[in-house]
Amino acid sequence: MNSTLLLLKFLAPESILADTALLVLIAGLVKSTASSRNVLLSLTLLGGLTAGACLLYFPDNVNFFHGMVVLDPLTRLVKLAILILSLVTAVFAAGSSVREHFAEYLALILFSTIGMMLLAGTEDLLMIFIALEMTSIPLYILTGYLKKSSASAEAALKYFLVGGVSAAFLLFGLSLIYGVTGCTALQDLAKVPPATFRDPLFLAGVVMAMAGFGFKVAAVPFHLWAPDVYEGAPTPSAALIASGSKVAGFLILAKLLTYGLAKAGGSAVWGAMQPGWLPVLGLIAAASIIVGNLAALSQSNVKRILAYSAIAQSGYMLLGLMAADKTGLSSVLFYVIVYALTTLGAFGVCAIVEQRRGGSQLHHFEGLHQSAPGLALCMGVFMISLAGIPPLAGFFGKFYLFAGALGSVATKDGHMGLLWLLIIAIAFNAVSLYYYLIVLKHVFVIPSSAEPAPRSPRSATGTLVGLLAIAIFALGIYPGLLLDPIHNAVKTATWFAAKAAAIATSAAQPKTLQGTTK
Amino acid sequence: MLTATLLSTFLGIALICLLPSRFGGAAKWIALLSALTGFGFAVAAFQGYDMRPGVYPIQSIINLPWVEKIGIGFITGADGISLILLLLTGIIAITGILFSWNVTHQPRAFFALFLTIIFGVYGVFQSLDLFLLFVFYEIVIIPKYFLISIWGSTNREYGAMKLTIYSVAGSALILLGLLGIYVLAPEATFNLLSLAKYKFPVAFQLWAFPVMFLGFGILGGLWPFHTWAPTGHVAAPTAVSMLLAGVVMKLGSYGALRVAMTLFPLGLDYWRMPVAILATVGLLYGALVALAQRDLKFVVGYSSINHMGFVMLGLVTLNTLGLSGAVLQMFSHGIIGGLLFAVVGRMLYDRTHTRDISQLGGMGLTKALPFAALTFTVASAASMGLPGFSGFIAEISILLGTWKAFPVLLIFTMLGVVITVAFTLRALQRTFFPAHNADAPTAETAHEPFDPITLPERLGALILMTATVGVGLFPKILLDPILRSFESPQSLMHHLIQGVAK
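Throughout what follows, the structure given in this document is the object of discussion. Note that the structure is predicted; figures quoted are calculated from it, not measured. By convention here, each chain's residues receive numbers from 1 onward along its written sequence. The naming scheme follows written order: chains are lettered A onward, ligands numbered 1 onward. Under the rules for a predicted model, residues below a pLDDT of 70 receive no local features and side-chain atom pairs below 80 are neither given nor counted, while totals for whole chains, interfaces and linings still include all residues.

**A word on the interface of chain B and chain A**
Thinking step 1. Any two residues are considered in contact once their C-beta atoms, placed from the backbone, lie within 7 Å. Contacts between the two partners involve 28 residues from chain B and, on the opposite side, 30 residues from chain A.
Thinking step 2. Each helix is a run of H or I in the DSSP string that is no shorter than four residues. Each strand is a run of E no shorter than two, and both are numbered from the N terminus. Of all elements in the fold, only helix 5 (130–139), helix 6 (141–151), helix 7 (156–184) and helix 9 (202–219) of chain B reach the threshold of two or more residues within the side of chain B that touches chain A.
Thinking step 3. The element that contributes the greatest number of residues to the side of chain B that touches chain A is helix 7 of chain B, accounting for 13 residues.
Thinking step 4. Throughout, the ten residues Ala, Val, Leu, Ile, Met, Phe, Trp, Tyr, Cys and Pro are labelled nonpolar, Asp, Glu, Lys and Arg are labelled charged, and all others, Gly among them, are labelled polar. Of the residues belonging to the side of chain B that touches chain A, the class tally is 23 nonpolar, three polar and two charged.

**What about the packing of helix 18 (residues 393–408) of chain A against helix 7 of chain B?**
Thinking step 1. Close contact between helix 18 of chain A and helix 7 of chain B brings their axes to 9 Å; oriented N to C, the two are set at 55°. The orientation of helix 18 of chain A relative to helix 7 of chain B falls into the category oblique. Viewed along their axes, helix 18 of chain A and helix 7 of chain B form a crossing whose handedness is right-handed. Residues Phe402, Ala403, Leu406 and Gly407 of chain A of helix 18 of chain A form the contact with helix 7 of chain B, whose participating residues are Leu179, Tyr182 and Val183 of chain B.
Thinking step 2. Counted by class, the contact of helix 18 of chain A with helix 7 of chain B contains six nonpolar, one polar and no charged residues. Here an angle of 0 to 180 degrees is reported between the N-to-C directions of two axes, which are lines fitted to C-alpha atoms, with helices fitted over the stretch in contact. If an angle is under 35 degrees, it is roughly parallel; if it is over 145, roughly antiparallel; if it lies from 65 to 115, roughly perpendicular; otherwise it is oblique. Crossing handedness is defined as follows: a turn of the near helix away from the far one that is anticlockwise and smaller than a right angle gives a left-handed crossing, while the clockwise case is right-handed.

**Notes on the nonpolar core**
Thinking step 1. Put simply, a nonpolar core is buried Ala, Val, Leu, Ile, Met, Phe, Trp, Tyr and Cys residues tied into one set by C-beta atoms within 7 Å. To sort residues by exposure, count the other C-beta atoms lying within 10 Å of each residue's C-beta; 20 or more gives buried, 12 or fewer gives exposed, and values between give partly exposed, all with C-beta atoms placed from the backbone. Val247, Met322, Leu406 and Leu422 of chain A are the most contacted members of the largest nonpolar core, which totals 385 residues.
Thinking step 2. It is helix 15 (residues 326–357) of chain A that provides the largest number of residues to this core, a total of 19 residues.
Thinking step 3. The contact partners of Leu422 of chain A, leaving out residues within four places of it in the chain, are Phe402, Ala405 and Leu406 of chain A together with Leu176 and Leu179 of chain B.
Thinking step 4. Phe10, Leu11, Val69 and Val70 of chain A belong to the second-largest nonpolar core, a separate cluster that totals five residues.

**Some details on unusual backbone geometry**
Residues and elements named next belong to chain A.
Thinking step 1. With an omega of 5°, the peptide bond between Val220 and Pro221 qualifies as cis.
Thinking step 2. Position of Pro221 relative to the elements: it lies in the loop between helix 9 (200–216) and helix 10 (225–232).
Thinking step 3. Residue Pro391 follows Pro390 across a cis peptide bond; omega there is 10°.
Thinking step 4. Looking at where Pro391 falls in the secondary structure, it is placed in the loop between helix 17 (373–387) and helix 18.
Thinking step 5. Of note in this structure, Phe65 is not a glycine but carries a positive phi near 50°.
Thinking step 6. Note that Phe65 resides in the loop between strand 1 (62–64) and strand 2 (69–71).
Thinking step 7. Phi at Ala324 takes a positive value of approximately 55°, unusual for a residue other than glycine.
Thinking step 8. Tracing the chain through its elements places Ala324 in the loop between helix 14 (302–321) and helix 15.
Thinking step 9. Judged by C-beta crowding, with 27 C-beta atoms within 10 Å, Ala324 ranks as buried.

Everything listed here is a matter of coordinates, which is why it stays silent on function.
Below you can see the structure in the form of C-alpha cells.
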C-alpha cells in the first residue's frame, strides 16, 4: 500500500467524522421537528462511535511525513477522550435552546472535533497551526449561534477578535522559531544545538507562541474572552470550548514545550530563574490561579463562575506542565480529562436549569434539591470535585499534579525549587472552595422562592449528567481506571527518555531535571 | 475488626441513601444500628489489643494496594491511641444520634451526612497511609458545612462557612507538608510505617513541622486559630456540636501527634517552646473568655478551647506523663464536651429556646428539668477535673508532665485550672442554682411547662456519664494501651519520650 492510502487508513476516524458532518448537513435539509432533530443526533452519534471504533481498531503506531500526522497510544487516548467529550456535547445540544439550524450546529461540532483530533495527533508546527484554526473557526460560529441573543453575538465577536489576534501571535511566534532554527518538526527542533536557544529572536518566538496558546487554554493575561463567552454562548458551545478544546490544547502545548523546546526551558526555581519557557509558564500559571480564583468570588452567574474557575484550573494544569517529565505529563492528562468531564457535567446541569427556570444566575439554582434532587446531587459532585475535595476525582488529580510539579526540581537536602508556585496554588485552592460552596449553598440550603415546578421527565442530558457524576466519583475512588491507561500511553512517549538521559550525564543529582543548584 | 467500623458505617450511609422518602423516619434507626455495630467492632478491636511486651504495638494491619503507580496504599492498623479514639468515636456516634432523635427536617440527609462524618473520623484514626489519612480527614469537611447551614441555629450560614474555610485552610497547610514528604521520601510511598524510619532533611523539617502542626492545630482549636470553634459550635445542631467538640477537634490533635510530631522530630525540637506557649495562652484565653459569656453554648464552646489547650500542651511536654495525659484528655474532653453540648443544645435550648444564662436562671430549671440539672452538674464536675471523673486523671498527668518540661509555664497552667473551675461553677450556678429567686419563676419568665426529657436523651446522657465516671474510677483500662503505644521500643513514637533530637 502506498503512503497516501495508509494515511487515509490512519486518518479514518477524522474522515468518518467529516463524512458524518456532511451527511448531517444534507439530512438537515428536511424540515426541523423534534423527531428530525433526534434523527440528526443519532446520525452524529453513530458517526462518532464508528470513528471511535476505528481509532481502537488500528493499534499500529505510525508517523507520517516527519511528524505531520502521528498515531501512537498517547494520541489515541487523547483523541478518544476528545471524541467522547464532543459526543456528550452533541447530546447536550439536542436538549438545549438551539432549535434553528440544528443540523449545522451538529456539523460544526463535528468539524471542530476533527480539528481537535488532528491537533492531538501532530508533531509539526505548521500542522499545529492549521489544526488549531480548524478547531477555532467552528467554535467562533458555535459561540454566536443564538442569532437573536445579543449576549451570544457579543461573545462571538469578542472570541473571534481575541482569537484572531492570538492566532496571529502564534503564527508570528512559530515563524520566528522556524526562522532561527530552520525546521518545523518537533523532532528536529529537539535536536537543535542549545546555543540557538539563547538567540533573543528565538526566545521572542517562544513567548509569542505561548501567548497564542495562553489564549487557547484561557490563561491570564489572555483570559479576558472567557467569562463573556462562557456566559453568552449557547451552553453546549461553552461546554465544548471548556472541555474538548482544552484537552487538545493542553496536549499540544505539552508536546511543543516538553518535546520540541525541551532544552529551551530555562529554570523557574525561585531565586535562580533562567530565561526560557519555564519562568514564563510559571508566571502565567501563578497569575491564572490568583486572578481566576479571586475574580470568581464575586460572580453571580454560575456559567461565569465556571469561566473563572476554568481560568484557575488552567493555572493548575500549567503548573503540571512545568514538571516537564513523564509524571508531569501523566498528571496533566489525568487532570485535564477529569476536569473536562467535570466541567461538562456542570454545564449540563446549567443547560437543564436554563431550560426549566430560564437562566443560570445563582438564584435560578435555589431550592434545586427539592425540585430535582438527583440533579442537585450531581451538581454537588461536580463542584466538590472542582474544589479538589476527596473522595472525588478532582482531588486525586490535583494532588498528582502538585506532587509532579514539586518533585520535578527537588533535591535530597530538602530544597524544592517550585515550592513558591505550590504555595500559591494550594492557598488559592483553599480560597476556591468558597465560591463552589456558594453555588452549593444555593442548590441545597436556600429554599426556592418560586412554587415547586412539576417534576420534569427524564432527559438524555440528565442521564448523561448522572453518568458523568458517577464517573467522577468512580475515578476518585479508584483513579487507576484512568491513570493506568494514561501511564501506559505516556510510557511510549519516547522524547522524555532522550532528555532524561542527557540530563543524567550532565548533572549529578538524579532527581533534578532542571539545574537547581547553579 | 478495625475496618469493620468503616464498613458498618458505610453500609449505614448506603442504606439511608437508598431509603425511599416516605420511610424517612426509619433513617434514625438505621443510623443508630450502624453506629452501634461500629462501636461494637471498635470495642472488639480494643479487646483484642495484645499488650504483651515484645508484641508490635501497631496491630491488625491491613495493607492493600490502591493507586500502586504512585505508591498509595489502603493501609490501616491501630495502636492504643488509635483504639481509644475509635472507642470515643463510637460512643459519640451513638449518643449523637440519640440526641438528634427529634430531627424531622430531611432526616435522611441529616443522618447520612452525620454518618459520613463518623466514617471519615473512623478512617483518620486507623489510617497508616498518609494519603488515605488525608482523604478521610477531608471527607469530614463538606458534611459539616451542610449539617450546620441547613439544620443549625444562631447565625448558621456564617458559622458554617467560617468553620469550613478554617478547616480548608488547615487542610491546605497539611497538603503542602504532605507533598513535601512525598517528594523528599527515599521511595514513592505514603506508608507511615516506612516514612517514620526516614530522617527528613533538617531544612525541610524546620518549615514542615510548623506548617503541618498548625494545619492540624487549626482543627484542634490551637490559639490563635481557634475562632472557628465557638461560632461553629454555637451555630451547629446539637449532634454536630457534639461531633465537633467530641471527635472532630481530636482529629487535629491526633494528626499533630501522629504525623507532624512523629515524622519531624528535629522540627519539633526547634518549635517546641512556641507551641507550648501558644497552647498555654489558648488554655488561659479559653477559660477567661468563657468566664465572660452570657450565652451558655459559648461557655461550653470556649471551654473546648481551654481543654484542647491542655491537650496541645501535654503533647509537647514530650514525657510519658504529659503525652499519655494528653491522649487521655482527648478521650475525656470528647465525652465531657459531648455531654455539655447535649444538655445545652438539646435538653435546654430545644425546650426553652434561649441560651442566655440569666434568662435560663430565671426559669427554675432544677424543678422543671431535674434530669438536665443533674446531667449538667455531673458534666461540670467532670469538666472541672474533680477526682473520680476522667478529666482529673488526664489533667493531673498533663500538669505533672508540664512541671517536668516547662516549670515556668506551670504557673500559668495552674492559673488556667483555677479559672476553669471558676467559669464552670459560674455557668452551673447561674443557670441552675441562681441565688436570688430560688425556684419561683417571676412573671416575666413564666413559661409553659417544658416537655419532659425523653428516653433517648436520658439514655444518651447515661452512656456519656458512665463513660466519664468509669474512666475516672478505672483509668488503667485506657492508660495501659496508651502507655504501651509510647513506651514500646518498636513504637513509632518511642523517640518522643527518648528525647527527640537524638
